[in-house]
Structures are given as C-alpha cells and as structure tokens.
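Close look at the chain arrangement
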Amino acid sequence: MFSYLVLVGTICLCSTEPLRRHKRSWIIDSFDIVEEHPGPFPYDLGQIKLDRGYLVEFRLKGKGVDEDPKGVLSIDPLTGVIKVHRKVDYEQCSVLMLTFQARNKSNLAIDTQLGMEVNILDINDNPPVFQRRVYDITVHEAAKQGGFIVGVLAIDKDAPGTPNSTIDYKIISVTPTTKNVEFYIQESGAISFKGCFDYEVANKYAITVEAKDRGVVKLSSTATIIVNIQDGNNHLPVITGQTGSANVVEDTNGTSPLKIHTADTDTYLTAAWRVRYSIKGDEGGHFAIHTDPDTNDGILTVVKPLDYEESAEQKLTIFVENEEPYFSCEIKERSADGLWTINRNPPKPSSRNITITVEDANDPPFFPDPVRKVILEENGAVGAFVDKVTAVDPDMGRPHKLEYSIEQDPAGWFRVDKTTGEISVKESLDRESSHVTNGTYTVTVLVTEKDDHPPMTSTATIQIHIEDKNDNVPILKENMVSVCQSDEKSSTEITAYDLDGDPYSGPFSFEIMGDHKEEWSFDPSHGNTVHLVKDKSVHASLYTLIVKISDKQGKFVLQNLSVAACDCAVSPNCLMQRNTQQKAGSGMAGITIFAALMILACLLLVLTCSCGPVKSLVQVDNVLEDALLPSNIEKPGTDCVRLHSIQCLENELLDYEPQLYALEDNSDLKCVYLDPIDLPINEFDPELLSDLGPAFKHLASICNPGRLSKP
C-alpha cells in the first residue's frame with residue numbers, strides 16, 4: 001500500500017571538525033500516507049539508513065511531529081524507523097514538510113541534515129457543495145428560449161484536478177411539469193429553457209439540481225432553484241362593447257357621447273393589463289379618447305366642435321392595445337436536440353367601428369369676407385355708394401332672415417341698408433378728423449338673425465382709406481413773435497403747419513404783403529420753418545405784418561403776424577437765443593422787464609378792441625382766393641369771456657394762445673395775462689405800469705378805475 005521514491009533534497013553537512021573532510025554515503029526514502037488510513041496505529045511508515053562506521057542518533061522535526069498536525073509521525077533514534085500514530089486529513093494538510101538529522105552519538109555533532117516530505121494521498125471524502133442551497137430568481141414571461149436564466153456553482157474540497165473534485169451538474173426534477181417549458185443545464189452550471197413561458201399556466205417553477213463528483217465512490221449534493229414568472233403581455237385586449245348615445249350636437253365640445261368596454265386576461269393593474277386607445281378616421285381632429293385607469297374603459301370626448309352642415313355623420317374606428325408591448329409565443333415543434341420551433345407572429349389588435357351622429361343646431365351667420373378695404377375721396381358726395389357686405393346663414397335647412405346695421409362708426413359718416421347690406425356716405429368725410437388713423441377710418445357692420453331667439457350675430461370690418469384733398473391752408477404755429485431791435489439786421493424763426501398730408505402740405509412759401517414788405521422779408525422764404533428778417537431801419541414798436549403762406553400746390557392764406565421789435569437789453573424775452581449772462585441782477589428787475597413786454601402787448605390789444613363781436617387785429621381788404629383770416633382758422637374765436645364778474649373789453653384768441661387782456665371788475669380795470677380757457681396767469685397793477693414809461697402810462701390810465709375808453 002506504500003510506495004517508495006527517491007527524494008532529492010538539500011543536504012546540510014555539519015561537523016565539529018571543519019578542517020577535516022569525511023567521505024559520506026547515504027540513502028533516504030520518501031514516503032506517502034493515505035488520507036484517513038484506518039490503522040491500527042502505530043504502524044511503520046519506513047526506515048532511513050546511513051552507511052556509517054560509527055554510531056549515529058536519528059532525529060525528526062517539522063509538520064506532523066512538533067508542528068501542526070502534531071503527533072502524526074515519530075522516528076526511532078537508533079534504528080531510523082518512522083512510525084505513523086494517527087489519521088491525516090488531506091484537506092487540512094496535503095504535504096508534511098520535515099527536517100531529518102543524523103548526529104554523531106559520541107559527541108552529538110550533526111553528521112547529516114536534510115529536508116524531506118511526506119505526501120498525503122487524497123481520498124474522495126468531500127462531496128461537492130453549492131454556494132447556495134436555494135436560488136430565488138424572477139424571469140419575464142416574454143423571455144426567449146435559449147437565454148441564460150441562472151448559473152449554479154458547487155465546490156469540492158478534494159484534490160483539484162482529480163476525479164474526486166471533478167463535478168457534473170444535472171437537473172433531477174422540475175415542479176410543476178408543463179408541456180410548454182423544458183429546463184436544461186450546461187456543464188458550467190448555467191441553466192436555460194426551451195419553449196414558451198405562460199404565466200397563466202404556471203407562475204413559478206422549482207428546479208432541483210444535483211452536483212456529483214467522479215470519485216471511486218461518487219459523492220453529491222443538491223440545490224433548489226425557484227423560478228418566478230413575471231406576467232407579460234401575451235394576451236391582447238379585446239373590445240367587448242360600448243355604451244352611450246353616439247349623438248353629438250354641433251358646435252359643442254367637452255361632451256362624451258360613448259364609452260368603449262375592453263377585457264384583458266393579463267394581471268390586473270399591470271402594464272400588460274392597462275390599455276390605450278387610438279382613433280382612425282378623425283381627419284378633423286374632433287375627438288380624443290382617454291382610458292379609465294380602474295376599468296380600462298375608453299371614454300370618447302369631443303374636443304373640437306363638429307359642423308352639421310359639413311357632415312351629419314362621423315365614421316370612426318377605435319383601436320386598443322396595451323401599454324406594454326405584446327408578445328406571442330407558440331410552440332410548433334419540439335426537437336430532441338437543440339431549441340424548439342417557435343412562432344412569434346402576433347395577431348391583429350382588436351378594433352371597433354362606430355358612427356357618430358351630428359345633430360343640427362342654430363349657427364350664427366357669417367361674412368365670407370369679414371375684413372374689406374375701400375378707398376374713398378375726402379369731402380366726397382353725400383349718398384355715394386361705399387361697399388356692400390353680404391352675410392351667409394350656414395343653416396341651409398332652415399335659413400333665417402338677416403338684418404344689417406352699423407355697429408361702430410365713430411364719426412357717424414355712414415349708413416347701411418338693413419336688407420341689402422349696401423353702405424353709403426351719410427356725411428362728408430374729413431381725413432383730418434381725430435377718428436382717422438394714418439388715413440384709414442374703420443366701420444363695423446353687424447348682421448343679426450331676426451327670427452331666432454336668442455338672435456345670432458356676426459360682424460364685418462370695413463377699412464376705408466380716405467384719399468387726401470387740399471382742403472386746409474397753412475397755419476402759423478405762433479402769430480406773435482419778438483425780434484431784437486438794433487442798427488443791424490436781425491431775425492426770428494417762423495413756423496407753419498398744414499393739416500393736410502403730402503403733397504398738399506409743406507414745405508411752404510412765405511411772402512410779406514402790404515405796406516411792410518420793404519422793411520421785413522424771409523430768408524429763406526421756402527420751408528416749414530423760415531427766418532423773418534428785420535431791416536435795420538425798423539424802430540422799436542409793435543408791428544402787424546400780413547404774411548402770405550402757400551403750400552406745395554399753391555393754396556395760400558393771408559394771416560396777421562404780430563411782431564414786437566424791442567431792445568433785448570431791456571426785455572430779454574424778445575430774443576430767446578441771447579446769452580444767459582444778460583439776466584437781470586435782481587428778482588424785481590426780472591419781473592419788471594417781463595411785465596413790460598406783456599403789458600406792451602396788452603396796450604396794443606386794448607387799442608384795437610372793444611366789447612362786442614370778435615374782430616381781427618388788422619382788417620385785410622381784398623383777401624385773395626382761398627385766404628382765411630387767422631381769427632377763423634379750424635377753430636374760430638369766441639365772444640367776450642366772463643370769469644366770475646369780470647368782463648373783457650375785447651379779446652383775440654388767435655389759436656387759443658395765452659394773451660394779455662384788459663379786464664373790468666365793476667370798480668376797477670386791470671390788465672391780466674390770461675389763458676382764454678383757464679384762470680388768470682398773472683396780474684399787473686396799474687401803478688406798476690405808470691413807472692415803465694410814457695407808452696405804459698397811457699395803458700395805465702385806461703386800466704385805472706372808471707376809465708373805459710379806447711386811446
């Protein structure tokens with residue numbers, strides 16, 4: 001039962017006589033011990049012999065002697081016989097590493113020392129052991145055959161590479177047994193299946209796997225694999241019926257005329273059970289369908305109003321499918337080798353044809369052309385034809401009587417025939433009206449069904465572009481200016497505007513008419529704003545000039561322009577462009593100078609006015625064609641104005657600019673700087689006027705109490 005081999009090792013020769021050389025010859029055998037040898041113990045393992053001419057003593061130490069596993073071996077010190085005293089476990093120690101010594105008995109010097117091994121021969125005393133006794137996994141019902149499901153692994157502690165540790169795997173049982181599934185295991189322990197899972201047939205499998213070694217006496221163990229089947233969508237939903245009237249009133253939305261009922265045998269409330277619907281044939285996008293999450297019913301809803309006149313019926317097809325993709329698995333052939341033949345062609349989804357009936361309702365009339373554009377001339381003839389609007393009643397089966405009216409006409413320029421829809425001019429059109437924007441005036445026409453309750457209405461918009469006429473003359477922006485008196489020429493700016501648009505407005509031509517055209521001129525004389533130039537011969541005074549202003553088409557007006565020529569050193573407001581350093585040195589001086597200019601204007605106004613009808617400052621005889629007086633341009637002046645008990649002697653509003661007036665209050669007459677619409681702005685005491693010079697003393701005498709005569 002033992003085998004003896006020559007052991008090649010490292011021999012250490014030790015001697016107490018290092019300078020002497022001895023001839024040594026020795027033979028040593030290696031030994032094997034069979035694992036779990038039953039005894040009896042002790043038994044002889046072998047003997048070590050040395051060829052010596054003197055006595056030696058043998059010693060042994062290392063694993064199995066004085067190191068774990070202790071007490072297995074011993075050596076007779078005189079004979080060299082090695083004995084085995086107990087069993088050895090290969091899995092605990094496969095080789096016993098020992099040190100052998102032979103000592104000279106006379107002096108105990110080491111004669112021979114070498115290493116030796118005792119091999120433990122393995123026996124099949126360990127079965128394969130699985131890493132886990134139970135494997136619990138989940139596999140989707142739609143898993144394809146041949147795919148990896150789970151892998152098992154067993155470990156055998158016997159000697160690697162020997163039959164005792166070589167493992168074979170085998171499936172020994174499957175519960176339950178179904179004809180549509182077959183499990184198999186590969187040499188590596190990987191488990192797969194053939195066929196098709198069906199959750200409704202079996203939702204769980206228990207597989208028993210055996211691992212067995214190849215020893216003389218084969219040892220084995222088992223493990224259990226629990227395969228849980230997750231339900232998949234292998235059953236199509238089926239539409240079983242519908243409830244509802246399937247009738248929809250036209251021009252309504254949000255109603256739900258139908259409910260579609262569907263059945264599905266997959267697991268309740270899973271993605272394989274829940275359904276979603278789709279609609280075919282709804283080209284106008286009038287319908288939507290959503291799913292009741294508890295019942296899987298499809299609720300059809302009108303999201304866009306239907307039109308009875310377009311179609312009295314809507315034919316739809318409703319399709320249903322699951323949220324989870326459907327899979328199909330049908331076994332066609334079971335082959336002994338290899339995978340089975342499977343058919344995975346899915347059937348067509350369930351559908352249902354439905355017809356929605358559209359019920360007629362009263363539709364409002366409408367204008368086929370709701371926005372129209374028309375061109376008219378300004379100041380055209382009253383009664384002229386403008387346009388015709390015609391509304392259509394979509395209710396073909398029961399037409400209504402339609403009546404037209406003006407809904408929006410801010411200036412009241414138009415009328416409409418209530419029966420025909422013809423629009424005509426009621427009053428002359430003015431392009432410069434505040435109701436006209438960028439030359440366009442907007443009218444809204446309303447059409448009403450008269451014989452229905454409530455009446456239905458609709459509107460049309462007519463955008464009227466008014467072509468401009470040259471019906472306005474140029475106007476001075478200001479009709480009173482000042483200019484500095486000097487020995488040289490001086491000037492001031494004059495600006496005109498025209499309510500007409502191009503080409504009936506500026507730039508304008510300016511010309512001085514009458515007696516003053518030698519002393520006054522324009523430079524340039526063409527533009528919207530020009531310079532009024534005073535000749536050096538003009539003395540300080542208040543002048544009334546007759547100015548002819550012509551537009552681009554030659555249409556003109558003669559307008560009075562009051563020009564105050566004064567010393568700018570005394571009255572700084574005569575010329576606004578003068579240097580700021582010429583301001584008055586004190587507040588009273590500034591007030592005095594300002595008052596001087598204003599009262600001078602008041603004086604001239606008083607000289608030309610008396611209570612009664614409004615008159616221009618200068619009467620212009622033989623006014624040329626198309627000329628207008630400044631007192632009657634766009635907005636004519638008013639009669640004498642009363643503020644409380646104050647009555648004006650005479651005023652000239654001149655474009656509603658603030659002026660200086662003489663006012664009477666029963667006991668006193670005062671000169672007041674007045675806005676003709678609002679309250680007095682400033683008031684001047686007659687005593688102050690007397691201190692300003694001879695010209696102002698005369699005005700002061702007029703403004704004194706009891707004096708009401710013109711100079």
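Now for a quick tour of the structure. Here the structure is a predicted model, which is why all the values come from computation and not from measurement.

This brings us to the state of the cysteines. Summed over all chains, the structure comprises one disulfide. Between the sulfur atoms of C196 and its disulfide partner C329 the distance amounts to 1.8 Å. Between C196 and C329, the S-S torsion sits near -70°, and that sign places the bridge as left-handed. In this pair, C196 sits in the loop between β18 (190-195) and β19 (204-213) while C329 sits in the loop between β27 (313-322) and β28 (330-333), placing the two residues 133 residues apart along the sequence.

This next bit is on the sheet that holds strand β5 (residues 43-47). The strand order across the open sheet formed by three strands is β5-β9-β8, and the pairing between neighbours is antiparallel. What marks the edges here is a single partner per strand, and that holds for β5 and β8 (73-75). Within this sheet the neighbouring strands show an average axis-to-axis angle of 25°, counted without direction. In this sheet, strand β9 (residues 81-84) lies alongside β5 in antiparallel orientation, the contact comprising four bridges. Within β9, the residue paired with D44 across the bridge is K83.

Our next topic: the pattern of salt bridges. In this structure the tally under the stated criterion is eleven salt bridges. With a shortest N-O distance of 4.0 Å, K194 and E182 are connected by a salt bridge. On the criterion of sequence distance, the pair formed by K194 in strand β18 and E182 in strand β17 (residues 181-185) is long-range, its members being twelve residues apart. On the basis of relative accessibility, which here comes to 8%, the residue K194 falls in the buried class. Of the charged contacts in the structure, one is a salt bridge between K332 and E330, with a shortest N-O distance of 3.3 Å.

By the element assignment, E250 lies in the loop between β22 (247-249) and β23 (258-263). For E250, a relative accessible area of 1% gives the class buried. For E250, the residues in contact, after removing those within four places along its chain, are L306, D307, Y308, E309, V358, E359, D360, A361, D363 and D395.

We now examine the sheet that holds strand β20 (residues 220-230). Strand order in this open sheet of four strands is β13-β20-β19-β16, and the pairing throughout is mixed. Strand pairing shows two members of the sheet lacking a second neighbour, β13 (134-140) and β16 (167-175), which therefore form its edges. Averaged over neighbouring strand pairs, the angle between their axes works out to 25° when direction is ignored.

With that settled, consider the pairing of β9. Inspection of the sheet shows β8 paired to β9 by three bridges, in the antiparallel sense. Within β9, the position partnered with L73 by the bridge is V84. Once β8 ends, the chain turns through five residues before running back antiparallel as β9, passing G80 with a positive phi of about 80°.

Residue P69 is reached from D68 by a cis peptide bond, and omega for that bond is -5°. Within the secondary structure layout, P69 lies in the loop between β7 (56-62) and β8. The phi torsion at A246 lies on the positive side, around 65°, for a residue other than glycine. By the element assignment, A246 lies in the loop between β21 (238-244) and β22. Residue A246 is classed as buried on the basis of its relative accessible area, which comes to 10%. A positive phi angle, close to 70°, is found at N296, a residue other than glycine. The topology assignment puts N296 in the loop between β25 (287-291) and β26 (298-302). Among the residues examined, N296 registers a relative accessible area of 2% and is labelled buried.

If you walk through the whole model with that rule in mind, you get 13 aromatic pairs. Ring plane angle 70° and centroid distance 4.6 Å describe the contact between Y268 and W273, whose orientation is recorded as edge-to-face. Taken together, the ring pairs in this structure connect F183, F193, F197 and Y205 into an aromatic cluster. For K194, the ring lying beneath its charged end belongs to Y184, and the centroid distance is 5.7 Å. The ring of F556 carries the charged tip of K548 above its face, separated from the ring centre by 4.4 Å.

Analysis parameters
- Residues numbered from 1 in each chain as written.
- Predicted model: local features only at pLDDT ≥ 70, side-chain atom pairs only at ≥ 80, totals over all residues.
- Heavy atoms only, no water.
- Disulfide = S-S within 2.5 Å.
- Helix = DSSP H or I, 4+ residues; strand = E, 2+ residues; numbered from the N terminus.
- Pairing = 2+ DSSP bridges.
- Axes fitted to C-alpha atoms, helices over the stretch in contact; angles between N-to-C directions.
- Salt bridge = Lys/Arg side-chain N within 4 Å of Asp/Glu carboxyl O.
- Buried < 20%, exposed > 50% of the residue type's maximum accessible area, 1.4 Å probe, protein only.
- Contact = heavy atoms within 4.5 Å.
- Phe/Tyr/Trp six-rings, centres within 6.5 Å; stacked < 30°, edge-to-face > 60°.
- Lys NZ or Arg CZ within 6 Å of the ring centre and 35° of its normal.

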